[in-house]
Amino acid sequence: MPEARAGAAATPAQSSKDNKGDQGTRSPDAGSGAAARPRRRQARGEARIAQLLEAAAGVFCSSGYNGASTNAIAREAGVSPGTLYQFFPNKEAIAIELGEQLMHRWRETYGAAFVVSHIELPLDRMLDTVLDPLIAFNCENPAFAVLTHGSEIPGVITREHDILHASMLTRTEQLLGAYLPELPADQVARTAAMAFVLFKAGLDLVMEHEGEEREAYIRELKSVMHRYLEPLVCDTPDGVTPARINTP
């Protein structure tokens, strides 16, 4: 997504609006544009960007997107606001680039979870194999939830998340259709949609807790999913071999 890259530094008015009253001084070269920033392609520049994005993830989680500011992100990263503006013109640009990275990793995560070979597993093991990496990703990257919910989130992130949402629902439907080949197509679609919503609701509870309580909610989530799907598996005629699917 080209919007994720910092093309040119923000104007002083943009900076003031973005920081919501925080006082920060713009670097003298912050307005020189993308052509003046070959350093972004250097190892040191990439390391600085990674440092700023990591700090931004922490600030977004603690303050929310609306409550975050470039000054707070700079403080969290241990750099001056001027240094931040050498790489990002405003908070929105930071959020877009962080969101782009997280959604790329999320796409890889669910792509590895929804694979053909999993349809040959018993239901409980299939749920473990599919759900564990999805849950782990969200627990390890809480900023992902912050940047994919809320009307104030930059539109480019929302659009990309909607595409991922539709893709995941399709993959869920494909997996269930292969696991339960005797189920009519319309019932597979409804079952996939319901299972998807159950997972999202349970994940919200998982994310609200930590430690042993979080583990307990993960077990509850898997139990709910298993109890919902098990009757469909038991109703499948004996001797039916799950069909294979070809997913991208």
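Numbering of residues starts from 1 in each chain and follows the order in which that chain's sequence is written. Owing to the predicted nature of the model, reporting of local features is limited to residues with pLDDT of at least 70; listing and counting of side-chain atom pairs is limited to 80 or more, with chain, interface and lining totals taken over all residues. Neither water nor hydrogens contribute to the side-chain values; these are computed over all heavy atoms in the structure.

## Let's talk about the overall build of the protein
So the rule is basically this: Helix and strand assignments come from DSSP, with helices taken as H or I runs of at least 4 residues and strands as E runs of at least 2, each series counted from the N terminus. Calculation of accessible area relied on Shrake-Rupley with a 1.4 Å probe; when residues are assessed, cover is drawn exclusively from the protein chains displayed.
What the protein contains, in helices and strands, is 10 helices and zero strands. Taken from the N to the C terminus, the helices and strands of the protein come in the order α-α-α-α-α-α-α-α-α-α. With the model as given, the accessible surface of the protein reaches about 12,800 Å², and the carbon-plus-sulfur share is 52%.

## A closer look at helix H2 (residues 43–67)
Defined as follows: Helices are assigned an expected span. That span is 1.5 Å times one less than the residue count. Consider a residue and the seven residues that end there alongside the seven that start there; fitting an axis to each set, the bend is the angle between those axes. Buried means the residue's accessible area, taken with a 1.4 Å probe over protein chains only, is under 20% of the maximum for its type, while exposed means over 50%, and partly exposed covers the values in between. Pairs of residues are marked as contacts when any of their non-hydrogen atoms sit within 4.5 Å.
Compared with the 36 Å implied by 1.5 Å per residue over 25 residues, the 31 Å span of H2 between its first and last C-alpha is markedly short. Bending of H2 peaks at approximately 85 degrees at the position of Cys61. Of all the positions in H2, only Gly45, Ile49, Leu52, Leu53, Ala55, Ala56, Ala57, Val59, Phe60 and Tyr65 are classed as buried. Where the residues of H2 are buried, they touch helix H3 (70–77), helix H4 (81–85), helix H5 (91–113) and helix H7 (143–146).

## Here's the deal with the layout of surface pockets
It is a probe the size of a water molecule, rolled over the atoms, that shows where empty space is left. Let me state the cut-off plainly: Cavity and pocket criteria rest on a 1 Å grid covering protein atoms alone: a 1.4 Å probe that fits but cannot get out defines a cavity, protein on both sides within 12 Å along at least 5 of 7 lines defines an open pocket, and an atom within 4 Å of a point defines a lining residue. Grid points are joined across faces, edges and corners, and a volume is the space filled by probe spheres set on the points. Each residue receives one of three labels: charged for Asp, Glu, Lys and Arg, nonpolar for Ala, Val, Leu, Ile, Met, Phe, Trp, Tyr, Cys and Pro, and polar for the others, Gly being one of them.
By volume, the largest pocket is sized at about 370 Å³. The wall of the largest pocket is formed by 16 residues, among which Asn138, His149, His161, Lys200 and Leu203 lie closest to the centre. The set of elements that each furnish at least two residues to the lining of the largest pocket consists of H7, helix H8 (155–179) and helix H9 (185–207). Tallying contributions element by element places H9 first for the lining of the largest pocket, with six residues. Taken together, the residues of the lining of the largest pocket break down into nine nonpolar, five polar and two charged.

## Thoughts on the packing of H2 against H3
Quick note on the threshold: Note on method: axes are straight lines fitted to C-alpha atoms, helices fitted across the in-contact stretch only, with angles between N-to-C directions ranging 0 to 180 degrees. When the near helix sits turned anticlockwise from the far one by under a right angle, the crossing is termed left-handed; a clockwise turn instead gives a right-handed crossing.
Where H2 contacts H3, the two axes come as close as 8 Å, and the packing angle between them is 115 degrees. Our pair here, H2 against H3, has a crossing hand that is right-handed. Across from Gln51, Leu52, Ala55, Ala56, Val59 and Phe60 in H2, the residues of H3 making contact are Ala72, Ile73, Glu76 and Ala77. Its residues assigned to classes, the contact of H2 with H3 comprises eight nonpolar, one polar and one charged.

## Some remarks on the packing of H2 against H5
Describing two packed helices takes the angle between their axes plus the distance from one axis to the other. Heads up, the rule is: Orientation labels follow simple angle bins: below 35 degrees gives roughly parallel, above 145 gives roughly antiparallel, 65 to 115 gives roughly perpendicular, and whatever is left gives oblique.
The contact between H2 and H5 brings their axes to 10 Å, and the two run at 105 degrees. Accordingly, the angle class assigned to the pair H2 and H5 is roughly perpendicular. Residues Ile49, Leu53, Ala56, Ala57, Phe60, Tyr65 and Asn66 of H2 pack against Lys91, Glu92, Ile94, Ala95, Glu97, Leu98 and Gln101 of H5. Partitioning the contact of H2 with H5 into residue classes produces nine nonpolar, two polar and three charged.

## So, the nonpolar core
Definition in use: Residues belong to one nonpolar core when they are buried, are Ala, Val, Leu, Ile, Met, Phe, Trp, Tyr or Cys, and are joined through side-chain atoms within 4.5 Å.
Within the largest apolar cluster, 66 residues are counted, with the highest numbers of intra-cluster contacts made by Phe60, Phe88, Leu98 and Leu134. When residues of this core are assigned to their parent elements, the largest contribution, 10 residues, is made by H5.

## A look at the packing of aromatic side chains
The cut-off we apply is this: Put simply, two rings from Phe, Tyr or Trp (the six-membered ring, in Trp's case) pair if the centres are within 6.5 Å, and we call them stacked under 30 degrees between planes, edge-to-face over 60, tilted for the rest. We call a charge positioned above a ring when the Lys NZ or Arg CZ atom is no farther than 6 Å from the ring centre and deviates by at most 35 degrees from the ring normal.
If you walk through the whole model with that rule in mind, you get five aromatic pairs. Summarising the aromatic geometry, the rings of Phe60 and Tyr65 are spaced 5.7 Å apart at their centres and angled 35 degrees between planes, so their arrangement reads as tilted. We note that Phe60, like Tyr65, is buried. Measuring from ring centre to ring centre gives 6.3 Å for Trp106 and Tyr110, while their planes differ by 65 degrees; the resulting arrangement is edge-to-face. Of the two residues, Trp106 and Tyr110 are both situated in helix H5; the distance of four residues between them amounts to about one turn of the helix. Both residues of the pair, Trp106 and Tyr110, count as buried. Grouped by ring-pair contacts, the aromatic residues Trp106, Tyr110, Phe137 and Phe144 constitute a single cluster. For the cation-ring pair, Lys91 lies above Tyr65, with the distance from its terminal atom to the ring centre recorded as 4.5 Å.

## Quick word on the confidence of the model for the protein
What counts, and what does not: Confidence of the prediction at every residue is given by pLDDT, a number between 0 and 100.
Per-residue pLDDT for the protein averages 83, and the proportion of residues at 70 or more is 78%. When the elements of the protein are averaged for pLDDT, helix H1 (residues 12–19) gives the smallest value, 43, and H3 the largest, 98. When the criterion is pLDDT under 50, residues 1–40 qualifies, and its contacts beyond four places in sequence or with other chains add up to 76 contacts.

## Looking at the pattern of salt bridges
Worth spelling out the cut-off: What counts as a salt bridge is simple: a side-chain nitrogen of Lys or Arg found within 4 Å of a carboxyl oxygen of Asp or Glu.
One pass over the full model with this rule turns up four salt bridges. Arg107 serves as the salt-bridge partner of Glu160, at 2.4 Å between the closest nitrogen and oxygen. Of this pair, Glu160 sits in helix H8 while Arg107 sits in helix H5, placing them 53 residues apart in sequence. Classification of Glu160 by relative accessible area gives buried; the value is 17%. Close ionic contact of Lys222 with Asp132 constitutes a salt bridge, the shortest N to O distance being 2.5 Å. Pair noted here: Lys222 is in helix H10 (residues 211–234) and Asp132 is in helix H6 (residues 123–140), with a separation of 90 residues, a long-range link.

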